[in-house]
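# Understanding the architecture of this molecule
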Amino acid sequence: MAAPAAGPVPPVPVLRIVAECGRSRARAGELRLPHGSVPCPVFMPVGTRGTAKGLTAAQLAALGCRICLGNTFHLGTRPVSGTGGLRGALGLTLSRPCPELPNPGGDRSCRGFPAGFRRSPRRYRGVTGGSRSVPGLGGPQIWGGAMTQRDVPGFAIGGLSGGEAKAQFWRTVKLSTEQLPRDKPRYLMGVGYATDLVVCVALGCDMFDCVFPTRTARFGSALVPWGSLQLKNQQFAKDFRPIDADCGCPTCQRYSRAYLHALLRSNTAALHLLTLHNIAYQMKLMGSIRDSIVQQRFPEFVREFMDTMYGGRGGPPAWAREALESVGITLA
Ligand SMILES: [Zn+2]
């Protein structure tokens with residue numbers, strides 16, 4: 001008897017879920033991409049030309065960075081000459097095989113990872129499908145429907161983090177993740193503040209990108225678990241402690257706040273050293289988030305994070321408290 005004809009081989013899912021929080025929507029997983037696997041939730045430094053501003057690809061790799069975000073709009077307007085477009089540019093710039101996710105660059109849709117939901121000036125909407133009104137958002141609508149039925153590797157939530165009220169921000173993220181399929185990665189574009197990352201992981205997002213950690217480094221700001229240090233300020237002139245004694249990055253291992261304060265006045269190497277630390281901070285934060293989900297202690301992690309970040313500043317902001325309570329995590 002002849003063997004039955006082989007049918008089409010089903011595609012391997014991009015996302016393998018490793019663990020889910022028993023209370024919130026947080027999940028830990030693994031993104032299986034053509035150039036390697038990436039643990040998630042993950043923060044992707046913006047590295048349109050193959051690495052983040054101020055760092056080499058090798059330095060990013062040494063910090064544990066497994067994926068960069070490439071802005072397709074910027075690559076289109078400022079291509080690397082002689083490389084043959086997006087794929088060639090990234091292939092030339094990277095010194096190692098490294099997953100790189102091209103993003104829409106604002107409100108443009110992206111072939112591989114289409115924007116699931118994006119914002120128009122007057123309302124939030126998806127590409128197609130039915131609509132739902134969002135209580136408390138003053139009239140905007142989320143459009144999902146057929147969009148979520150598309151056979152795509154994952155979905156991006158775009159158009160947020162553009163100056164809207166935080167109450168709108170988190171409710172829109174939550175409504176988006178509610179409509180997106182469980183088994184596909186959810187990429188929240190342009191989000192990189194530590195508090196936003198923690199809250200949006202709780203709301204069910206897997207991937208993030210933002211220029212914030214590298215940009216703020218170039219202004220002399222170092223990210224720490226209790227906020228940030230403005231190292232240009234005079235108060236650090238004689239502060240011989242590292243930026244963060246618990247940080248294992250090369251900057252914290254070798255240099256003091258006082259040294260960096262002095263260097264910031266005269267030498268751009270200081271900006272490089274701060275960028276190194278800030279990316280290390282983001283990587284460590286996401287690693288801690290992921291570990292806590294795997295170990296089924298994410299709600300405890302969130303409470304500890306908020307206590308460290310806001311304990312000396314009157315407690316977490318109301319929007320973060322409300323967002324977390326909406327998925328079952330109550331802060332003290
Ligand atoms: Zn450091």
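Heads up: the structure comes first, above all this text.
Residues numbered from 1 in each chain as written. Predicted model: local features only at pLDDT ≥ 70, side-chain atom pairs only at ≥ 80, totals over all residues. Heavy atoms only, no water.

### Topic: the pattern of salt bridges
- Taken as a whole and assessed by the stated rule, the structure comprises 10 salt bridges.
- Among the salt bridges present, the one from D196 reaches K166, with a minimum N-O distance of 2.6 Å. Here D196 is found in helix α5 (residues 194-202), whereas its partner K166 is found in helix α4 (residues 166-179), with 30 residues between them in sequence.
- Overall, D196 belongs to the buried group, its relative accessible area being 3%.
- Three or more residues are tied together by salt bridges with common partners; here these are R25, K174 and E178. (Salt bridge = Lys/Arg side-chain N within 4 Å of Asp/Glu carboxyl O. Helix = DSSP H or I, 4+ residues; strand = E, 2+ residues; numbered from the N terminus. Buried < 20%, exposed > 50% of the residue type's maximum accessible area, 1.4 Å probe, protein only.)

### With respect to the packing of α4 against helix α11 (residues 318-326)
- Contact geometry of α4 with α11 gives a least axis separation of 9 Å together with a crossing angle of 20 degrees. The pairing of α4 with α11 is recorded here as roughly parallel in orientation. As for the relative orientation of α4 and α11, their crossing is right-handed in sense. Of α11, the residues touching α4 (which contributes K166, F169, W170, R171 and K174) are W319, E322, A323 and S326.
- Taken together, the residues that form the contact of α4 with α11 break down as four nonpolar, one polar and four charged. (Axes fitted to C-alpha atoms, helices over the stretch in contact; angles between N-to-C directions. Parallel < 35°, antiparallel > 145°, perpendicular 65-115°, else oblique. Left-handed = near helix turned anticlockwise from the far one by under 90°. Contact = heavy atoms within 4.5 Å. Nonpolar A, V, L, I, M, F, W, Y, C, P; charged D, E, K, R; others polar.)

### Digging into the sheet that holds strand β2 (residues 27-33)
- Overall, antiparallel pairing links the three strands, which are arranged β1-β2-β3 in an open sheet. Looking at the sheet topology across the chains shown, the edges are occupied by β1 (15-20) and β3 (36-40). The average angle at which neighbouring strand axes cross in this sheet is 15 degrees, direction not considered.
- In the sheet, β2 pairs with β3 via five bridges, with the strands oriented antiparallel. Residue pairing for β3: G29 is matched across the bridge by C40.
- Running at roughly 115 degrees to β2, helix α9 (residues 269-294) makes contact with β1, β2 and β3 of the sheet. (Pairing = 2+ DSSP bridges.)

### Focus on the state of the cysteines
- For the structure on display, the rule yields zero disulfides.
- Free of any disulfide, C205 has its nearest cysteine sulfur in C200, 5.3 Å distant.
- Since its relative accessible area comes to 1%, C205 is described here as buried. (Disulfide = S-S within 2.5 Å.)

### A look at α5
- Taken across its nine residues, α5 has nine buried, putting it largely inside the fold.
- Considered for burial, the residues of α5 that qualify are A194, T195, D196, L197, V198, V199, C200, V201 and A202.
- Looking one or two places after α5, you find G204, whose phi comes out positive at around 110 degrees.

### Some details on the packing of helix α8 (residues 257-264) against α9
- Closest axis-to-axis distance for the α8/α9 pair is 8 Å, and the angle between their directions is 135 degrees. Accordingly, the angle class assigned to the pair α8 and α9 is oblique. Residue-level inspection shows L260, L263 and L264 of α8 in contact with α9, the latter providing A269, A270, L271, L273 and L274.
- Partitioned by chemical class, the residues of the contact of α8 with α9 number eight nonpolar, no polar and no charged.

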